[in-house]
Amino acid sequence: MNTVGSIKPLPGFGGLRDSGFPCNAKARKVLRVSAVEGLQQAVRVDFNGTGNGKAKFNMLKSNGSPLDSNLANEFAGNGKSHNSLSKIGNSTNIKWHECSIDKNDRQNLLNQKGCVIWITGKSTVACCMSKILTQMGKLTYILDGDNIRHGLNSDLSFKAQDRAENIRRVGEVAKLFSDAGVICIACLISPYRRDREACRKILPNGDFIEVFMDVPLPLCESRDPKGLYKLARAGKIKGFTGIDDPYEPPVNCEITLECNNEIYSSPSSMAEKVICYLQENGYLHA
Ligand SMILES: Nc1ncnc2c1ncn2[C@@H]1O[C@H](COP(=O)(O)OS(=O)(=O)O)[C@@H](OP(=O)(O)O)[C@H]1O
Ligand SMILES: Nc1ncnc2c1ncn2[C@@H]1O[C@H](COP(=O)(O)OP(=O)(O)O)[C@@H](O)[C@H]1O
C-alpha cells in the first residue's frame, strides 16, 4: 500500500501519490489525488502536520463538502467494536465493516454509475462495448466466462450445479466492480434463468442490465470459431449448451440483441444499442 510519510492512503484510493511533503510538515498543503490515471475529478485532502508523526487531517469531497468525520477515526484504526456478529454460510462471527467512502463517492470520481451488463454469451460484443466506452472515457471491466474459468473458477465443471456456482461467484465479483463505480460487463452463457435472477437480486434496482443475445443455434454453429459445436455434435463434448444441455432464454431482459438470417447486426451496432440504453438511463454520468 502507498503511504505519504506515515499517513495511510485514503481507503479506496490505492493510487494516492506523494506530492512531496514530509508527514510532519507544519505547512498546510493540498494533495490532489486521482484514483485513475487521467481522471479530472479530484479529491482534496487537507493535511495539518502535527510534528509528532501523527498527522491530523480534514478530507474534502470534490465538491468541497467534508467527508464523514468518522473517517478520521477509521483512518487512524480506531474503529468501533461491533456486537452484532453474523453467520453467513460457513463463515461464523463476521460483521460487515462500513466505510464512509461509498459508491456515490466513487461514481462522482469517475463521472459514471457502476452497473452490471449481463450478456448471456458473446464475448465479441462485450469487447466491442468495452472499446467504445473506453473511447468515451468510461471505465469498464469484462468478466468473461471462458477467461474466469482460467483462474478463479477453474475448479468448476459444466454440470448444472457447477454452472450455478460459476454464475454465483461471477455475480458477486460483478457486484463488487459495480460498487466500485465500474461498468462491469459480464459475458457468460449463464444458461439457467434462476442463476441469472439470483445475480439480479443481489444488485441495487436497475443496476443489473440483462442483455439477451438472440442468435439462432444454426447461426452459432455455422460460426463455431473454437470448433466446440462440431465436437459436441460428434459426441466428444457432453452436456454442451444448445446441443444436449438446455439454454433458458430471458423473459424480462432489459435489452434483446437479435441476429438471424433476416436481421443482421454487426457487433458494433449491437454494442451501440446497449450503450444507448446506458446513456438514456443515466449510467454515463455520476
Ligand atoms: N459443455 C459446455 N457447454 C458450454 N460451453 C462450454 C462447454 N464446455 C466448454 N465450454 C466453453 O466454455 C465457455 C462457457 O463458459 P461459461 O462459464 O460462460 O459457461 S456457463 O455460464 O457456466 O454455462 C464457452 O464459451 P463461449 O464459446 O464463449 O460460449 C465454451 O468455449
Ligand atoms: N454480430 C455479429 N456478426 C457477425 N459475427 C459475429 C457477431 N457476433 C459474434 N460474431 C462472431 O461469432 C463468433 C462467436 O462469437 P463470440 O463472441 O466469440 O461468441 P461466444 O462468446 O458465445 O463464444 C466469432 O467468430 C465472432 O466473430
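Here we summarise the structure given alongside this text.

Parameters and conventions
Residues numbered from 1 in each chain as written. Chains lettered and ligands numbered in written order. Predicted model: local features only at pLDDT ≥ 70, side-chain atom pairs only at ≥ 80, totals over all residues. Heavy atoms only, no water. Pairing = 2+ DSSP bridges. Helix = DSSP H or I, 4+ residues; strand = E, 2+ residues; numbered from the N terminus. Axes fitted to C-alpha atoms, helices over the stretch in contact; angles between N-to-C directions. Contact = heavy atoms within 4.5 Å. Near = heavy atom within 4 Å. Polar contact = N/O pair within 3.5 Å; in protein donor to acceptor, adjacent residues only side chain to side chain. Areas by Shrake-Rupley, 256 points an atom, 1.4 Å probe, with all protein chains shown as cover. Nonpolar A, V, L, I, M, F, W, Y, C, P; charged D, E, K, R; others polar. Salt bridge = Lys/Arg side-chain N within 4 Å of Asp/Glu carboxyl O. Buried < 20%, exposed > 50% of the residue type's maximum accessible area, 1.4 Å probe, protein only. Core = buried A, V, L, I, M, F, W, Y, C linked by side-chain atoms within 4.5 Å.

### So, the sheet that holds strand β7 (residues 140–144)
- What the 5 strands build is an open sheet, ordered β7-β8-β6-β9-β10; its pairing is parallel. Where the open sheet ends on each side, the last strands, each with one partner, are β7 and β10 (255–258). Across the sheet, the mean angle from the axis of one strand to that of its neighbour is 20°, orientation sign disregarded.
- Note that strand β6 (residues 115–120) and strand β9 (residues 208–214) share 5 bridges and pair parallel. Looking at the pairing, W118 lines up with E210 of β9.
- Seen against the sheet, helix α5 (residues 160–179) touches β6, β7 and β8 (183–188) and runs at an angle of roughly 150° to β6.
- Together, β6 and β9 form the strand contacts of helix α6 (residues 193–201), whose direction differs from that of β9 by roughly 155°.

### Thoughts on the site of ligand 1
- Ligand 1 sits among 17 residues. The nearest are R149, R163, N166, S190 and K226.
- Measuring from an oxygen atom of ligand 1, one finds a side-chain N or O atom of R149 at 2.8 Å.
- In this structure, an oxygen atom belonging to ligand 1 sits 3.0 Å away from a main-chain N or O atom of I189.
- Expressed as a share of its isolated accessible area of 620 Å², the protein-covered part of ligand 1 is 85%.
- Contributing elements (two or more residues each) for the shell around ligand 1: α4 (145–148) and α5.
- Top element by residues in the shell around ligand 1 is α5. It accounts for 3 residues.
- Of the residues belonging to the shell around ligand 1, the class tally is 7 nonpolar, 5 polar and 5 charged.

### Side note on the pattern of salt bridges
- Within this structure, the stated rule accounts for 12 salt bridges.
- We note a salt bridge from E165 to R169, for which the minimum N-O separation is 2.7 Å. Of the two residues, E165 and R169 both sit in helix α5, 4 residues apart, roughly one turn of that helix.
- Look at E165 and you get partly exposed, because its relative accessible area is 21%.
- The shortest N-O distance in the salt bridge between R200 and E197 comes to 3.6 Å. Taken together, the residues span about one helical turn, with R200 and E197 both in helix α6 at a distance of 3 residues.
- Take E197: its relative accessible area is 30%, and that puts it in the partly exposed class.
- Via salt bridges that share partners, R196, E197, R200, E210 and E254 belong to a single interconnected network.

### Focus on unusual backbone geometry
- The backbone of N93 sits at a positive phi, close to 55°, despite the residue not being glycine.
- Along the polypeptide, N93 turns up in strand β5 (residues 91–94).
- The class for N93 is exposed, based on a relative accessible area of 58%.
- In this structure, D224 takes a positive phi of about 35° despite not being glycine.
- Examined against the element boundaries, D224 turns out to sit in the loop between α7 (217–223) and α8 (228–233).
- Given the relative accessible area of 13%, D224 is considered buried.

### Structural notes on the nonpolar core
- By size, the foremost hydrophobic cluster in this structure holds 31 residues, and its most contacted members are I117, I119, M129, L257 and L278.
- Among the elements that line this core, the one with the most residues is helix α3 (residues 123–135), at 6 residues.

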